[in-house]
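Single-letter residue listing:
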Amino acid sequence: MRIRLISVGARAPQWVQEGYAEYARRMPRECRLELIEVPAEKGGDSRKLREGKRLLAKAGEGDLVVALDPGGTLWSTEQLARRLARWMQEGRNLSLLVGGAEGLSCDCLERASVHWSLSPLTFPHLLVRILVAEQLYRACSWLRGHPYHRA
């Protein structure tokens with residue numbers, strides 16, 4: 001399975017790059033995690049729309065698209081792990097979309113088959129990279145019975 005984390009924003013601070021890289025490196029071979037950065041657009045009424053088009057252009061054609069959306073569904077680690085296992089059995093690749101300062105465009109939300117909320121809290125979109133990578137690693141650990149996840 002290939003997991004694309006497609007995120008608005010480039011030139012992340014070193015600590016973000018290192019945090020993301022640490023968890024991406026730990027992912028099992030059967031769940032490769034790849035970060036794809038889309039530059040943030042300058043302000044204006046169509047900013048979110050332009051970013052959305054760039055995000056969707058990076059998603060794999062047959063991928064299951066998951067929107068990181070504050071209005072989405074909250075999952076426990078076990079629920080995420082079960083979903084991940086099901087998607088792996090289906091042979092699905094994933095494209096996880098992370099919006100910029102204005103959030104995801106309507107096009108992104110409509111294209112997404114799944115809407116995932118990490119929390120009712122609002123996080124900086126660069127920090128979301130680390131959170132998602134860690135949660136995916138934790139879910140994989142749970143599936144393998146690895147002691148990293150001690151619920």
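Summarised in this report is the structure supplied together with it.

Taken in spatial order, the five strands make up an open sheet running β2-β1-β4-β3-β5, and their pairing is parallel. For this open sheet the edge positions go to β2 (32-38) and β5 (114-117), each flanked by a neighbour on one side alone. Across the sheet, the axes of successive neighbouring strands diverge by a mean angle of 30°, strand direction being ignored. In terms of strand pairing, strand β3 (residues 64-74) meets β5 through five bridges, oriented parallel. Among the inter-strand pairings, A67 is bridged to a residue of β5, identified as H115. Packing of helix α2 (residues 47-58) onto the sheet brings it into contact with β1 (2-8), β2 and β4 (94-98), and relative to β1 it is tilted by some 165°.

With that settled, consider unusual backbone geometry. Excluding glycine, a negative phi dihedral is what most residues carry, and trans is how most peptide bonds are arranged. Phi angles above zero are rare outside glycine, and R11 is one such case at about 55°. Mapped onto the fold, R11 is located in the loop between β1 and α1 (14-26). The exposure class assigned to R11 is exposed, which follows from its relative accessible area of 81%.

As enumerated under the stated definition, the model contains three aromatic pairs in all. When the centroid spacing of 6.3 Å and the interplanar angle of 40° are considered together, the rings of Y23 and Y137 count as tilted. Residue Y23 is located in helix α1, and its partner Y137 is located in helix α5 (residues 125-144); the two are separated by 114 residues in the primary sequence. For the pair shown, Y23 and Y137 are each scored as buried. Linked through ring pairs, W75, W87 and W116 together constitute an aromatic cluster.

The rules behind the values
Residues numbered from 1 in each chain as written. Predicted model: local features only at pLDDT ≥ 70, side-chain atom pairs only at ≥ 80, totals over all residues. Heavy atoms only, no water. Pairing = 2+ DSSP bridges. Helix = DSSP H or I, 4+ residues; strand = E, 2+ residues; numbered from the N terminus. Axes fitted to C-alpha atoms, helices over the stretch in contact; angles between N-to-C directions. Contact = heavy atoms within 4.5 Å. Buried < 20%, exposed > 50% of the residue type's maximum accessible area, 1.4 Å probe, protein only. Phe/Tyr/Trp six-rings, centres within 6.5 Å; stacked < 30°, edge-to-face > 60°.

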